[in-house]
Amino acid sequence: MTNAKKEGSGTAAQKIMYDSGNELAAYAAKQINYHVMGYYPITPSTQIAENLDEMRAEGLHDIELIAAEGEHSAAGICYGASTGGGRVFNATSANGLLYALEQFPVQSGTRMPMVMNVACRTVSGPLCIKGDHSDIMYMLNTGWIIFFADEPQQVYDFNLLGLKLAEAVNLPVVVAFDGFFTSHQKRKCLVFEDDSVVQDYIGPKRSGDNYSVLDLEHPISIGSYMNEPDVINNRYQLHLAMEAVHTRLPGMFAEYEALSGRTLDCCSGYRCEDADILLFLIGSSYHTAMEAVDILRKEDVKAGVVTLHMIRPFPAEELRRLCQNAKVIVAADRQDSYGAGGGNMSLELKAALQSLTDIRILTRIYGLGGKDFFVEDAVNLIREGMNSSAKSFDYYGVTEGYGSNPQPQYFNPITEADTKKGLTVCTFDKASGKMQVTGGQLKDLTAMPQRLAPGHGACPGCGIPINVNLLLKGIEGNVILLFQTGCGMVVTTGYPKTAFRVPFVHNLFQNGAATLSGLVEMFHQKQKRGEYPDGDITFVMVSGDGGMDIGMGSALGTALRNHHLIIFEYDNGGYMNTGYQLSYSTPMGAKSSTSHVGKDRYGKTFFHKDSPEIMAATHIPYVATVAESNPGDFIRKAAKAAAYSRKFGTAYVKALSACPLNWGDKPNVERSIISAAVDCCYFPLYEIESGITTLNYDPEEKNKKIPVVEWLSMMGRTKHLAKEKYQTYTEQIQAEVDRRFARIKARAEHPLL
């Protein structure tokens with residue numbers, strides 16, 4: 001963030017900042033100094049939490065930033081904090097918003113105010129991270145007030161006014177804006193110079209504004225069970241609160257204008273007073289459309305443009321006043337309500353203008369998936385509206401696809417015969433209760449074809465393709481892969497091509513294991529019914545980049561049901577595909593974009609998650625850890641996992657996976673860094689077969705054990721921990737690593753554990 005001279009026409013001193021919508025949302029939250037922010041990183045809203053974490057590390061605010069393991073839990077954290085009577089903040093996008101969706105009516109139905117920023121983005125599938133409005137429209141019926149900012153300045157302003165409004169009517173507020181446009185594009189903006197001005201404007205949080213479960217002298221129950229007529233009364237009160245927004249906003253807008261010198265409205269128009277034809281759209285496209293209007297005015301076309309700054313409650317009366325003189329309106333929606341003949345905003349426009357029966361309204365769906373919207377596009381939309389024979393509903397900007405022609409097959413499929421080399425053989429020994437492996441020598445496995453082919457877009461030194469191919473080297477026969485969202489999926493499947501030579505499925509972070517379990521059971525059902533040939537398929541779910549945080553519930557459910565599949569986790573110690581935010585497997589003390597190092601912070605503040613032990617607690621047949629530094633051990637365990645999954649049920653395998661970009665090291669040293677993680681016992685190599693633990697590599701016995709700090713100092717993300725001032729934390733890390741390794745070693749020495 002960059003500051004410059006003081007400026008502003010309001011009563012309070014302001015300063016210029018050249019920042020994006022995300023940065024200004026974070027800055028507003030910092031000035032407000034919320035009590036709690038529950039969050040989960042998702043593009044393109046992640047920068048909000050990142051900026052707040054960086055400011056927190058420098059002691060610039062006191063917000064308790066809680067990194068949840070998924071958006072559903074983040075929303076739960078926010079709701080729980082709200083019931084404590086404090087001020088609460090959140091930020092999300094796209095499928096993260098949908099994952100948390102069921103929590104939002106709980107927040108509004110119990111009348112708990114808070115503010116959530118939504119950097120609007122395409123809802124998957126197929127996976128796309130670019131900006132459109134398909135996510136925010138899911139919020140329309142949740143009972144939240146929804147502002148829509150079309151520029152970074154409004155993001156800042158609505159974040160301040162939004163909290164004041166939320167507490168005035170006891171409803172939660174969304175501040176929405178275009179992802180990758182408003183969220184990331186920097187603009188000259190004005191912010192209040194002193195945080196105290198913001199805090200005085202919003203005012204103190206009064207205990208009577210909403211109930212608190214922390215009020216022990218007046219114990220209350222929040223979220224009680226209701227039947228009729230209580231539910232309809234509850235909804236009616238929520239309706240009245242929304243109606244009160246219409247009443248309160250004019251005065252609040254005027255108050256904010258006096259303080260800041262900036263005018264805020266529910267909707268705006270440009271050259272619409274005498275316009276015969278209007279273009280109606282929301283978000284950053286409004287500014288593009290204004291340029292188009294100026295061009296057409298020079299051609300004597302009486303064109304104008306109208307936008308909304310609030311979509312809940314819907315400003316129908318204000319919109320009617322802006323549109324009343326038009327003959328034609330082209331409503332451009334950046335999302336579609338499929339089958340309804342238009343997106344949500346065009347449908348609401350038609351409803352609002354139904355009393356003005358002589359206005360012709362056309363709907364165009366545009367800009368989906370972040371497709372750029374240029375001035376000439378706005379001009380074309382207005383010209384379409386001038387055509388009396390134009391369709392009432394259509395898509396704008398669609399290009400010709402592949403039609404009926406089949407897409408080219410880039411690789412020859414890998415047949416079962418291609419992998420049946422007889423090199424790795426697994427037999428189950430009933431006496432020992434363990435799988436015995438013969439073969440699997442590295443020199444013999446060069447003949448195994450690669451299921452993940454070269455040509456992917458992974459960074460140099462990335463451990464994902466290395467680990468996936470090592471795993472697959474040990475698995476003979478047919479394989480079907482499912483990847484959860486993450487770097488591994490993104491860099492291998494850029495449409496229309498793929499790097500996979502075997503069948504591949506993708507589903508989102510939180511549901512990969514359940515999705516694959518459904519496919520496994522379909523395979524078995526089809527075989528039982530004679531609808532599919534006999535034979536085996538090894539089903540493998542590949543997860544990483546935090547997928548075993550947000551997806552842990554799905555993985556545990558799948559393990560408890562014991563489906564015949566492998567869960568393979570490439571643990572790169574962070575949410576790498578969104579820019580390296582902390583995950584629960586990030587080492588304690590590590591620096592990330594949500595665990596900064598500063599005068600008040602030393603990096604991640606809690607120990608790494610021990611997911612192999614968590615999975616072992618489900619009593620699945622096989623759990624193992626592997627490392628590319630020990631490839632022979634890796635391949636033998638892969639063969640075991642495949643055999644266990646086909647014969648007995650779920651197998652779980654975890655690899656430590658290098659990420660030089662975010663670990664802060666070099667690609668050519670990754671193998672040695674992985675080896676050091678094993679030798680310091682941070683990542684021990686062991687396996688659990690039917691509940692019996694085997695330690696596969698003991699660095700103490702081989703006189704290779706090194707201190708944990710030696711490994712930490714090899715990476716830019718953790719090398720600060722080698723400094724003397726962080727010795728307390730490195731001693732804690734060493735003690736915990738030693739404790740965990742001692743427990744594994746003790747179990748390995750016990751015949752029943």
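Shown above is the structure to which this text applies.
Residues numbered from 1 in each chain as written. Predicted model: local features only at pLDDT ≥ 70, side-chain atom pairs only at ≥ 80, totals over all residues. Heavy atoms only, no water.

Draft legend 1. Geometry of the pairing of strand β3 (residues 36–39). Alternating positions in β3 separate into two faces, V36 and G38 on one and M37 and Y39 on the other, with burial throughout. With 4 bridges connecting them, β3 and strand β4 (residues 64–67) associate as parallel partners. Within the sheet, the bridge partner assigned to Y39 lies in β4 and is A67. Each parallel crossover has a hand, and for β3 linked through helix α2 (residues 46–57) to β4 it is right-handed. Summarising the sheet, β3 and strand β5 (residues 88–92) pair through 2 bridges and their orientation is parallel. Across the sheet, the residue bridging to V36 is V88, located in β5. (Buried < 20%, exposed > 50% of the residue type's maximum accessible area, 1.4 Å probe, protein only. Helix = DSSP H or I, 4+ residues; strand = E, 2+ residues; numbered from the N terminus. Pairing = 2+ DSSP bridges. Right-handed = clockwise from strand over helix to strand, strands pointing away.)

Draft legend 2. Examining helix α18 (residues 552–561) more closely. All buried positions along α18 are accounted for by M552, S554, A555, T558 and A559. Considered in projection along α18, the buried side chains sweep an arc of 160° and stay on one side of the axis. The exposed residues of α18 that point more than 90 degrees off its buried face are G553 and L560. At its buried positions, α18 is contacted by α16 (512–528), α17 (547–550), β22 (566–571) and α19 (611–616). (Arc of directions from axis to C-beta. Contact = heavy atoms within 4.5 Å.)

Draft legend 3. Fine view of the sheet that holds strand β28 (residues 692–695). Taken in spatial order, the 8 strands of this open sheet run β20-β19-β21-β22-β26-β25-β27-β28, and their pairing is mixed. Each end of this open sheet is capped by a strand with a single partner; those strands are β20 (504–507) and β28. Each adjacent strand pair in this sheet contributes to an overall mean axis angle of 20°, direction not counted. Strand direction decides the pairing type here: strand β21 (residues 537–544) and β22, joined by 5 bridges, are parallel. Looking at the pairing, V542 lines up with F568 of β22. Across the sheet, α16 lies against β19 (478–484), β20, β21 and β22, angled at about 175° from β21, the strand it touches most. Strand contacts of helix α20 (residues 631–647): β21, β22, β25 (622–626), β26 (651–656) and β27 (686–689), with the helix running at about 160° to β25, the strand carrying the most contacts. (Axes fitted to C-alpha atoms, helices over the stretch in contact; angles between N-to-C directions.)

Draft legend 4. Seen up close, the sheet that holds strand β15 (residues 360–365). The strand order across the open sheet built from 6 strands is β10-β12-β11-β14-β15-β16, with neighbouring strands paired in mixed fashion. One side of each edge strand has no neighbouring strand; the edge strands of this open sheet are β10 (267–270) and β16 (393–395). Across the sheet, the mean angle separating the axes of adjacent strands is 20° when strand polarity is ignored. Direction of pairing for β15 relative to β16: parallel, over a ladder of 3 bridges. Among the inter-strand pairings, R364 is bridged to a residue of β16, identified as D394. Across the sheet, helix α9 (residues 285–297) touches β10, β11 (277–280) and β12 (303–308), and the angle it forms with β12 is around 165°. Packing of helix α12 (residues 375–386) onto the sheet brings it into contact with β11, β12, β14 (328–333) and β15, and relative to β11 it is tilted by some 130°.

Draft legend 5. Focus on empty space enclosed by the protein. Evaluated as defined, the whole model comprises 4 cavities of 30 Å³ or more. The computed volume of the largest cavity comes to approximately 190 Å³. Lining the largest cavity are 17 residues; nearest its centre among them are H608, D610, Y682, F683 and P684. Sort the elements by how many residues they give to the lining of the largest cavity and helix α24 (residues 727–748) lands first, with 4 residues. Considered class by class, the residues forming the lining of the largest cavity number 9 nonpolar, 3 polar and 5 charged. Counted as a void, the second largest cavity has a volume near 60 Å³. G546, E569, D571, S583 and S585 are, among the 15 residues lining the second largest cavity, the residues nearest its centre. Listed by contribution, the elements that provide at least two residues to the lining of the second largest cavity are α17 and β22. Here the residues of the lining of the second largest cavity sort into 2 nonpolar, 8 polar and 5 charged. (1 Å grid on protein atoms, 1.4 Å probe; cavity = no way out; pocket = protein on both sides within 12 Å on 5 of 7 lines; lining within 4 Å. Points joined across faces, edges and corners; volume = space filled by probe spheres on them. Nonpolar A, V, L, I, M, F, W, Y, C, P; charged D, E, K, R; others polar.)

Draft legend 6. Region of the structure containing the nonpolar core. The biggest cluster of nonpolar side chains holds 93 residues, and the ones touching the most others in it are V540, I567, F568, M615, W663 and W711. With 7 residues, the single largest contributor to this core is α20. Ignoring anything within four residues of it in the chain, the contact list for W663 reads N572, M576, L656, S657, A658, E670, I673, I674, M715, G716 and R717. Within the second largest apolar cluster, 59 residues are counted, among which are F147, A149, L160 and V197. (Core = buried A, V, L, I, M, F, W, Y, C linked by side-chain atoms within 4.5 Å.)

Draft legend 7. Structural context of the layout of surface pockets. In this model, the second largest pocket occupies a volume close to 670 Å³. The set of elements that each furnish at least two residues to the lining of the second largest pocket consists of α5 (104–109) and α8 (230–260). Of the residues belonging to the lining of the second largest pocket, the class tally is 9 nonpolar, 10 polar and 5 charged.

Draft legend 8. Structural context of the pattern of salt bridges. Here the structure, examined in full by the defined rule, presents 27 salt bridges. One salt bridge in this structure joins R364 and E384, with 2.7 Å as the shortest N-O distance. Separated by 20 residues along the polypeptide, R364 in strand β15 and E384 in helix α12 bring together distant segments of the chain. The class of R364 is buried, set by a relative accessible area of 3%. With relative accessibility at 28%, the residue E384 sits in the partly exposed group. (Salt bridge = Lys/Arg side-chain N within 4 Å of Asp/Glu carboxyl O.)

Draft legend 9. Quick look at a nonpolar patch on the surface. Side chains of Y211, V213, L214 and I220 sit close together on the surface and give an oily, nonpolar patch of about 420 Å² of accessible area. Checked against the element boundaries, I220 lands in the loop between α7 (195–202) and α8. According to the relative accessible area criterion, I220 is partly exposed, its value standing at 32%. (Patch = residues over 30% accessible without salt bridge, like charges linked within 9 Å, V, L, I, M, F, W, Y side chains within 5 Å. Areas by Shrake-Rupley, 256 points an atom, 1.4 Å probe, with all protein chains shown as cover.)

Draft legend 10. Looking closely at the packing of aromatic side chains. In this structure the tally under the stated criterion is 23 aromatic pairs. On the numbers, 5.1 Å between centres and 55° between planes, the contact of Y40 with Y575 is tilted. Placement of Y40 in the loop between β3 and α2 and of Y575 in the loop between β22 and β23 (597–598) is noted, with a sequence separation of 535 residues between them. Judged by its relative accessible area of 2%, Y575 is buried. Seen from their ring centres, F500 and F504 are 4.5 Å apart, and the 15° between their planes marks the pair as stacked. Ring-pair connections join several aromatic residues into one group, and the members of that group are Y156, F192, Y201 and Y256. Across the ring face of Y201, the terminal group of K164 is positioned such that the distance to the ring centre comes to 4.9 Å. One residue, K604, lies across the ring of F606, its end atom 4.2 Å from the ring centre. (Phe/Tyr/Trp six-rings, centres within 6.5 Å; stacked < 30°, edge-to-face > 60°. Lys NZ or Arg CZ within 6 Å of the ring centre and 35° of its normal.)

Draft legend 11. Expanded view of a positive patch on the surface. A surface patch of positive charge is lined by K591, K719, K723 and K725. By the element assignment, K723 lies in the loop between α23 (708–712) and α24. (Lys, Arg positive; Asp, Glu negative; His and termini not counted. Charge placed at Lys NZ, Arg CZ, Asp CG, Glu CD.)

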